[in-house]
Amino acid sequence: MTTSSSEAKFGKRARLASAATGCLAMVLLASLPARAEEANPVLAKVNGAEIRQSDLTLAEEELGPSLAQMDPSTKRENVLAFLIDMKIVAKAAEAKKIEDRDDFKARLAFTRNRLLMDNLLAVEGKAATTEDAMKKVYADAAKQIEGEQEVHARHILVETEDDAKAIEAELKNGADFAELAKKKSKDPGASDGGDLGFFTKDQMVPEFSAVAFTLEPGKISDPVKSQFGWHVIKVEEKRNRKAPDFEQVKGQIETYVTRKAQAEYVAKLRESAKVERMDQPSEAAAKADAKPADSKMAPVKK
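These lines cover the structure that appears in this document, whether it is placed above or below. (Residues numbered from 1 in each chain as written. Predicted model: local features only at pLDDT ≥ 70, side-chain atom pairs only at ≥ 80, totals over all residues. Heavy atoms only, no water.)

We now examine the side chain of Ser185. Within the fold, Ser185 resides in the loop between α7 (177-184) and β4 (195-199). Within the local environment of Ser185, its side chain forms a polar contact with the backbone nitrogen of Leu157, the two atoms lying 3.0 Å apart. Other than its neighbours up to four places away in sequence, Ser185 contacts His155, Ile156, Leu157, Leu180 and Ala190. (Helix = DSSP H or I, 4+ residues; strand = E, 2+ residues; numbered from the N terminus. Polar contact = N/O pair within 3.5 Å; in protein donor to acceptor, adjacent residues only side chain to side chain. Contact = heavy atoms within 4.5 Å.)

Moving on: the packing of helix α5 (residues 131-145) against helix α9 (residues 246-272). Running from N to C, α5 and α9 cross one another at 105 degrees; their axes reach a closest spacing of 9 Å. Taken together, α5 and α9 sit at an angle that is classed as roughly perpendicular. Mapping the contact onto sequence places Glu131, Met134, Lys135, Val137 and Tyr138 in α5 and Phe246, Val249, Lys250, Ile253, Glu254, Tyr256 and Val257 in α9. Class assignment for the residues of the contact of α5 with α9 results in 8 nonpolar, no polar and 4 charged. (Axes fitted to C-alpha atoms, helices over the stretch in contact; angles between N-to-C directions. Parallel < 35°, antiparallel > 145°, perpendicular 65-115°, else oblique. Nonpolar A, V, L, I, M, F, W, Y, C, P; charged D, E, K, R; others polar.)

Turning our attention to unusual backbone geometry. Even without a glycine there, the phi angle at Asn47 is positive, about 50 degrees. For Asn47, the position within the fold is in the loop between β1 (42-46) and β2 (49-52). In this structure, Lys97 is a non-glycine residue whose phi angle is positive, near 60 degrees. Relative to the assigned elements, Lys97 resides in the loop between α3 (72-95) and α4 (102-128).

This part is about the sheet that holds β4. The 4 strands are arranged β4-β3-β6-β5 in an open sheet whose pairing can be described as antiparallel. Two strands lie at the open edges of the sheet, namely β4 and β5 (224-226), each paired on one side alone. Ignoring which end each strand starts from, the neighbouring axes of this sheet average 40 degrees apart. Bridge analysis of strand β3 (residues 149-158) against β4 gives 3 bridges, and the strand direction is antiparallel. Its bridge partner being in β4, Val151 is matched across the sheet by Phe199. Each of β3 and β6 (229-240) is contacted by α7, which is oriented at about 45 degrees to β3, the strand it contacts most. (Pairing = 2+ DSSP bridges.)

Structure (structure tokens):
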């Protein structure tokens, strides 16, 4: 049975397409290592040992605080110089068999455990910080915040009750509160006219809050004694506290959710772990020590 001309042409095209697809796959596969090399280039070689961009990134993370004030190019040069020196000195340490010393092995084991712990906790923390989890924490916190009263007040702080009464008299005679605070208050905020901004009840000492939160806006208090001295208080405004927008506190919430998840994960692992404290007596031994040694002990004479 003979094939038609069109069938022959189709078969030829199919073979060509298959060959082309195979060539394309080969090209793509061959390009993968090259792309990986581009993403993580070799920056230097020390006695043949490579230092790559990934090594530089890790070192920058480790050395972070000490590099904060450097511009990017200076930072890069310093970190690369550090890595080169580290390779050289590490090779010299190998030659001196430093890795065979017990103190080195102990430190290496500690560092390994620390890295394992840090990486696993980072994974657990990241998994917990979903948008839903963060918004739930925000909603719960917002309920507690909203509706709580805040007071905006000024005060003048002096040493004695007589000084405070003299201040009160001046104010009743029309003296400007802010100007008088600048001249006579010993509080660090005197330069701002004694302005304390908005605060909640628990942010001030009880004696101060008790007066500030009962005083009407625009009114001036009688002298109030606290551990800091004598205060004359003027309430400027009162309002119900409002929760900040979610986006404003998202970073703080993320940190809270991460740390909470990590703490709970560690606590769960600890529950199933067998921990023996050799530096402390066991619970059974402690109970035994607490019991009287001999119930037939002679009674104490009166």
